[in-house]
There are 2 protein chains.
Amino acid sequence: MASISETVAIARQQFLALQGKHYFNYGGQGPMADRAVDQLIQALQKIQTEGPFANAVSGWLQAEGEQIRSAIAEALGTSSETITLTENVTVGCNIPLWGLPWQRGDHILLGDCEHPGVVAAVKEISRRYGLEVSTCALAATMNGGDPVAVVEQGLRPQTRLVIVSHVLWNTGQLLPLQAIVALCHAHAPQTRVLVDAAQSVGMLPLESPGWTLPETGADYYAFTGHKWLCGPAGVGGLYVRPEALAETAPTFIGWRGVEVDGAANPTGWKPDGRRFEVATSDYPLWGALRQAMAVQAEWGESAARYERICALSERLWRGLRSLPQVKCLLTESPPPSGLVSFQLLGDDAQPSPDLHEALVRQLEDEKIYVRTLLSPHCVRACVHYLSLESEVDELVARIAAFTKA
Amino acid sequence: MASISETVAIARQQFLALQGKHYFNYGGQGPMADRAVDQLIQALQKIQTEGPFANAVSGWLQAEGEQIRSAIAEALGTSSETITLTENVTVGCNIPLWGLPWQRGDHILLGDCEHPGVVAAVKEISRRYGLEVSTCALAATMNGGDPVAVVEQGLRPQTRLVIVSHVLWNTGQLLPLQAIVALCHAHAPQTRVLVDAAQSVGMLPLESPGWTLPETGADYYAFTGHKWLCGPAGVGGLYVRPEALAETAPTFIGWRGVEVDGAANPTGWKPDGRRFEVATSDYPLWGALRQAMAVQAEWGESAARYERICALSERLWRGLRSLPQVKCLLTESPPPSGLVSFQLLGDDAQPSPDLHEALVRQLEDEKIYVRTLLSPHCVRACVHYLSLESEVDELVARIAAFTKA
């Protein structure tokens, strides 16, 4: 029987994009399997050959849409009608942000590790509708403390929406989503929870009992296909809990979301998550994402992939902690995710953004890919089930050499 | 010197998608030149090889974005900073629809030939903000009458936005945009004009004096790359008149539209049209659209392309008018566009939706591509500068055979 390392080595042969480099930016964008790239190209050529605008193509695209919604739903432990296809995770966040029936004085509670794009959207919504916005200090719980208690302290009688990430993109912390949602829902009948799932879909075993979206209770769960699922950039999605669908109005609206009568007059919304979809997209992305997901499933179940991700991030975390001038953000236990963030200490023993920038650039010259983050200032290296133990060890060695230079 | 037909035949050799068929659905989606397809594939592979998430790729994508904004701006007779890249024309319409500072009681005047997606968006905005919406009867002017006078009759003291198409997607009528905009702007200081340009960008010579967007005075001009420009599906754009930028707030918001400080806190909008862009897209589409536009420019200037489009649509229109059971929507003069819409008359001498459907299906079996429309019930055939006289004649012959069968 092949060892896990051997099966990973075999799986990696399906990724030209992984050859000749050590890749640690899965949290930015995952590499595509050759099959996924081929699927995209074939779909593009099929559309051109058989149409592009033809009844045959239109029927095929509709079936492609059903297939990708269904594949995504299965991976999230939910059903197709709860899924909306979007261009990216940010659009998925904007849909509920602009779709809730806001009343002046409503309150939004935002975790303090949310992405700047989401923060900016919340700021604009608050300006337009006269909302109150506050932030709760989740980052401070990364090495101890109770994120549920932090959220609880942030809740107000008028809290309409709580926004958190399932896995925090900067620290790699995994939030106890089920407990947070249960708290918020118990708090007040109108309180909804929007989850930024950019770093969790494709990483966490969301199809497994105890992890599925219906079990978390989350009202909105926005994700992308191009990070941990290793699909193409430009397609993501949104899960809307069935109980939250009716109160969430479509905002950006187009023909894909509406029903029309025999004279093309709009008569209402599509009955399911398609109501939030707008208009023409790059449809070949759908099949490519489906192939990307199939490649992952062929290697192993999502629980096995997550287990390997955590084993590799622990290996990386322990290696980095052995280096004197490196400080991992997480100090008490290894990351419960594939995100390993660390700081390089300057001569004053303080984290040095300049060193972070220099490290990332030098590593990129060596075809080792990591990234800097600005809040907190750090470098982030991501491991996937596709990562190799030898890659992790090489990364640690190169960082050691950099800090000694 | 090669005749025009010969240069078109040569240009068509660059389109595998045009081989073995007679294509008349340019108003739905244009076929892509092989070079545009190749560019898309090469960009996808380049991103995978050099990243996908790396500083080198990020810098290259930024340059790609600047190039496509610049190419689009040139084709519209404007400058790059007025251009926002979007996923499609409908998103481009939704940006000003949701971005204007609506006051209860504001009025929207909508042409009666607008796309159902836009109509549905206006309906939802009116519900949310307590707006008044009315429609003006532009379709009735297709064979006489004054569209400017029709718009004038629809204006009210509280009219905040007028929405029209530059070329009407159902009848092929070209509206006198400059006169309509001048009327609206003279009407009241707050009146803005949003133009659905799905059928005009890539068809009209918008870079030519007398046609440029600044000369039209339009405040918002939303378009797509995948119809008359023959680019890939999934990328379009929006022009915002500089004078309208400040009052148009971003709605769907993400990292591509915001500026951040050194700690990643959003500090404001990007200074130009990028403020309405959201987040990760399928970036390879940008270069593909640029190539598609270059292929067209190599054949001839936009004025020459438009002249050929009109010559071919006149040929088609005259051919169809010679058939006893066919009724063209335009009766007085040939279409000033590439859109030729017609009805098949049943035994009762009335237009027959069943016959339209049957014709489109039979023609598709013969690899001749046209489409039905529902309002008014008709069949639409589009000619491009890439169309051949022989294709047009063959289409007329096939329709003649169908009506005689």
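The structure we're discussing is the one just above.
Note that the structure is predicted; figures quoted are calculated from it, not measured.

Asks: Looking at this structure, how should I read the relation of the copies chain B and chain A?
Replies: The two chain copies are connected by a rotation around an axis plus a translation along it. With an axial shift of 0.0 Å and an RMSD of 0.0 Å, the rotation relating chain B to chain A amounts to 180°. The transformation relating the two chain copies, once decomposed into turn and shift, fits a two-fold axis. Across chain B, the smallest distance between a C-alpha and the rotation axis is recorded for Ile41 of chain B, namely 3.5 Å. When the interface residues of chain B are mapped onto chain A, 100% of them again fall at the interface, so both copies present the same face.

Asks: Where do I start with helix H4 (residues 89-99) of chain B in this structure?
Replies: Judged by how many residues are buried, H4 of chain B sits mostly within the fold: 11 of 11 residues are covered. The residue sitting at the N-terminus of H4 of chain B and contributing the capping side-chain oxygen is Asn88 of chain B; that oxygen lies 3.2 Å from the backbone nitrogen of Thr90 of chain B.

Asks: Can you help me understand the interface of chain B and chain A in this one?
Replies: Many analyses report the size of an interface as the accessible area lost when the parts associate. Contacts between chain B and chain A engage 75 residues on the former and 75 residues on the latter. Across the chain B/chain A interface, buried area totals approximately 6,100 Å², and carbon plus sulfur atoms make up 61% of it. For the chain B face of the interface with chain A, the top three residues by lost area are Gln48, Phe53 and Phe252 of chain B, together amounting to 13%. Applying the counting criterion to the chain B and chain A interface returns 35 residue pairs in polar contact (both at pLDDT 80 or more). Residue assignment for the side of chain B that touches chain A shows that the elements contributing at least two residues are helix H2 (34-50), helix H3 (55-75), H4, helix H5 (116-129), strand E9 (258-260), strand E10 (266-269), helix H12 (353-365) and strand E14 (371-374) of chain B. Counting residues per element, the side of chain B that touches chain A draws most heavily on H5 of chain B, which supplies 10 residues. Class assignment of the residues belonging to the side of chain B that touches chain A gives a composition of 39 nonpolar, 24 polar and 12 charged.

Asks: Help me understand the nonpolar core in this model?
Replies: Taken as a class, soluble globular proteins show a tendency for nonpolar side chains to be buried jointly. Of all hydrophobic cores here, the largest spans 151 residues; its most connected members are Ile72, Val151 and Tyr221 of chain A together with Ile72, Val151 and Tyr221 of chain B. With sequence-adjacent residues up to four places away left out, Ile72 of chain A is seen in contact with Ile83, Leu85, Phe223, Leu289 and Met293 of chain A. If you look at the next biggest cluster of nonpolar residues, it comprises 66 residues, including Ala198 and Val240 of chain A together with Ile108 and Tyr129 of chain B.

Asks: What is the right way to read the pairing of strand E8 (residues 236-240) of chain B from this model?
Replies: Across a regular strand the side chains alternate sides, sitting on one face of the sheet and then on the other. All names here are of chain B. Buried residues dominate E8, accounting for five of its five residues. The alternating pattern of E8 places Gly236, Leu238 and Val240 and Gly237 and Tyr239 on opposite faces, both of which are buried. Sheet analysis places strand E2 (residues 83-86) next to E8, joined by four bridges and oriented antiparallel. Its bridge partner lying in E8, Thr84 is registered against Leu238. Sheet topology note: the strand E7 (residues 220-224)/E8 ladder contains five bridges and is antiparallel. Following the sheet pairing, Ala222 is matched in E8 by Leu238.

Asks: Help me understand the packing of helix H10 (residues 284-299) of chain B against helix H11 (residues 302-321) of chain B, please; the structure alone is not making it clear to me.
Replies: The description of two packed helices rests on the angle between their axes and on the distance between the axes. Residue and element names in this part refer to chain B. Where H10 contacts H11, the two axes come as close as 8 Å, and the packing angle between them is 80°. One finds that H10 runs roughly perpendicular with respect to H11. Every residue of H11 that contacts H10 at Gln296, Ala297 and Trp299 is listed here: Ala304, Arg305 and Arg308. Here the contact of H10 with H11 is composed, by residue class, of three nonpolar, one polar and two charged.

Asks: Quick question: what am I supposed to make of the sheet that holds strand E15 (residues 377-382) of chain B here?
Replies: Remark on secondary structure: sheet strands pair via backbone hydrogen bonds, oriented parallel or antiparallel. All names here are of chain B. Reading across from one edge, E11-E12-E15-E14 is the order of the four strands in this open sheet, with antiparallel pairing throughout. With partners counted over all chains shown, the strands left at the sheet margins are strand E11 (326-328) and E14, one partner each. Neighbour-to-neighbour, the strand axes of this sheet turn through a mean angle of 40°, independent of strand direction. Relative to E15, strand E12 (residues 339-344) is paired through four bridges, and the arrangement is antiparallel. Its bridge partner being in E15, Val340 is matched across the sheet by Ala381. Taken strand by strand, H11 contacts E11, E12 and E15, and its axis lies near 10° from that of E12.

Asks: Where do I start with the packing of helix H2 (residues 34-50) of chain A against helix H10 (residues 284-299) of chain A in this structure?
Replies: Residues and elements named next belong to chain A. Between H2 and H10, whose axes approach to 8 Å, the crossing angle comes to 155°. Viewed along their axes, H2 and H10 adopt a mutual orientation that is roughly antiparallel. You can see that H2 and H10 cross each other, and the crossing is right-handed. Here H2 contributes Arg35, Ala36, Gln39, Leu40, Ala43, Leu44 and Ile47 to the contact with H10, which in turn contributes Pro284, Leu285, Gly287, Ala288, Arg290, Gln291, Ala292, Ala294, Val295 and Glu298. Of the residues that constitute the contact of H2 with H10, the class distribution is 11 nonpolar, three polar and three charged.

Asks: Honestly, the environment of Asn25 of chain A in this entry has me stumped. Any pointers?
Replies: Relative to the assigned elements, Asn25 of chain A resides in the loop between strand E1 (22-23) and H2. Residues Asn25 of chain A and Leu374 of chain A, 349 residues apart in the sequence, show an inter-C-alpha distance of 16 Å. Each residue touching Asn25 of chain A, except ones within four places of it in the same chain, is listed here: Tyr369, Val370, Arg371 and Arg380 of chain A together with Phe53 of chain B. A polar atom in the side chain of Asn25 of chain A sits 3.4 Å from the backbone oxygen of Val370 of chain A.

Asks: Got a minute to help me understand the pattern of salt bridges in this structure?
Replies: Between side chains of opposite charge, pairing is possible as soon as their charged atoms come close. Residue and element names in this part refer to chain A. This structure, assessed with the given rule, holds 38 salt bridges over all chains. We note a salt bridge from Lys46 to Glu50, for which the minimum N-O separation is 3.3 Å. Remark: Glu50 and Lys46 occur in helix H2; sequence separation between them is four residues, near one turn of the helix. Taken together, the shared-partner salt bridges connect Arg69, Arg256 and Glu277 into one network.

Asks: Please explain the packing of aromatic side chains as it appears in this structure.
Replies: Pairs of aromatic rings are described using the distance from one ring centre to the other and the angle between the two planes. If you walk through the whole model with that rule in mind, you get 15 aromatic pairs over all chains. When the centroid spacing of 6.1 Å and the interplanar angle of 25° are considered together, the rings of Tyr26 of chain A and Trp228 of chain A count as stacked. Placement of Tyr26 of chain A in the loop between E1 and H2 and of Trp228 of chain A in the loop between strand E7 (220-224) and strand E8 (236-240) is noted, with a sequence separation of 202 residues between them. By relative accessible area, which is 0% here, Tyr26 of chain A ends up buried. Its relative accessible area of 0% is what places Trp228 of chain A among the buried residues. With 5.6 Å between their ring centres and 70° between their planes, Trp211 of chain B and Tyr306 of chain B make a pair best called edge-to-face. You can see Trp211 of chain B sitting in the loop between strand E6 (192-196) and helix H8 (213-216) and its partner Tyr306 of chain B sitting in helix H11, a full 95 residues away along the chain. The exposure class assigned to Trp211 of chain B is partly exposed, which follows from its relative accessible area of 25%. Through successive ring pairs, a cluster of aromatic residues spans Tyr23, Tyr26, Trp228 and Tyr369 of chain A. Just above the ring of Tyr369 of chain B sits the side chain of Lys21 of chain B; from NZ or CZ to the centre is 5.7 Å.

Definitions and cut-offs
- Per-chain numbering applies: the sequence of each chain, read as written, is numbered from 1 onward.
- Both sets of labels track the order of writing: A upward for chains, 1 upward for ligands.
- Thresholds applied to this predicted model are a pLDDT of at least 70 for local features of residues and 80 or more for the giving and counting of side-chain atom pairs; totals over whole chains, interfaces and linings are not thresholded and use all residues.
- Side-chain metrics in this entry use all non-hydrogen atoms of the structure; hydrogen atoms and water are not considered.
- When the copies are superposed, the least-squares fit draws on C-alpha atoms of residues that have pLDDT of at least 70 in both.
- We call two residues in contact whenever any of their non-hydrogen atoms come within 4.5 Å of each other.
- Throughout, exposure labels follow a simple rule: accessible area from a 1.4 Å probe, protein chains only, divided by the maximum for the residue type, with under 20% read as buried, over 50% as exposed, and the rest as partly exposed.
- Only DSSP runs of H or I covering at least 4 residues are called helices, and only runs of E covering at least 2 are called strands; the numbering of each starts at the N terminus.
- Under this definition, polar contacts are N or O atom pairs within 3.5 Å; protein pairs additionally need one hydrogen-donor-capable and one acceptor-capable atom, and for neighbouring residues in sequence, both atoms have to be side-chain atoms.
- What gets called buried area is simply the loss in accessible area from a 1.4 Å probe that two parts show on being joined, summed for both.
- Each residue is assigned to one of three groups, with Ala, Val, Leu, Ile, Met, Phe, Trp, Tyr, Cys and Pro labelled nonpolar, Asp, Glu, Lys and Arg labelled charged, and all others, Gly among them, labelled polar.
- Residue types Ala, Val, Leu, Ile, Met, Phe, Trp, Tyr and Cys, when buried and joined through side-chain atoms within 4.5 Å, form a set referred to as a nonpolar core.
- Only when DSSP finds a minimum of two bridges between them are two strands counted as paired.
- Axis definition: a line fit to C-alpha positions, over the contact stretch in the case of helices; interaxial angles, taken between N-to-C directions, run 0 to 180 degrees.
- Angle categories: roughly parallel below 35 degrees, roughly antiparallel above 145, roughly perpendicular from 65 to 115, and oblique for all the rest.
- Crossing handedness: left-handed means the near helix sits turned counterclockwise from the far one by under a right angle, and right-handed means the same turn made clockwise.
- Throughout this description, the term salt bridge denotes a Lys or Arg side-chain nitrogen within 4 Å of a carboxyl oxygen of Asp or Glu.
- Between the rings of Phe, Tyr and Trp (Trp by its six-membered ring), a pair exists once the centres lie within 6.5 Å; its type follows the angle of the planes, with under 30 degrees stacked, over 60 edge-to-face, and the other angles tilted.
- Our definition puts a charge over a ring when NZ of Lys or CZ of Arg is within 6 Å of the ring centre and also within 35 degrees of the ring normal.

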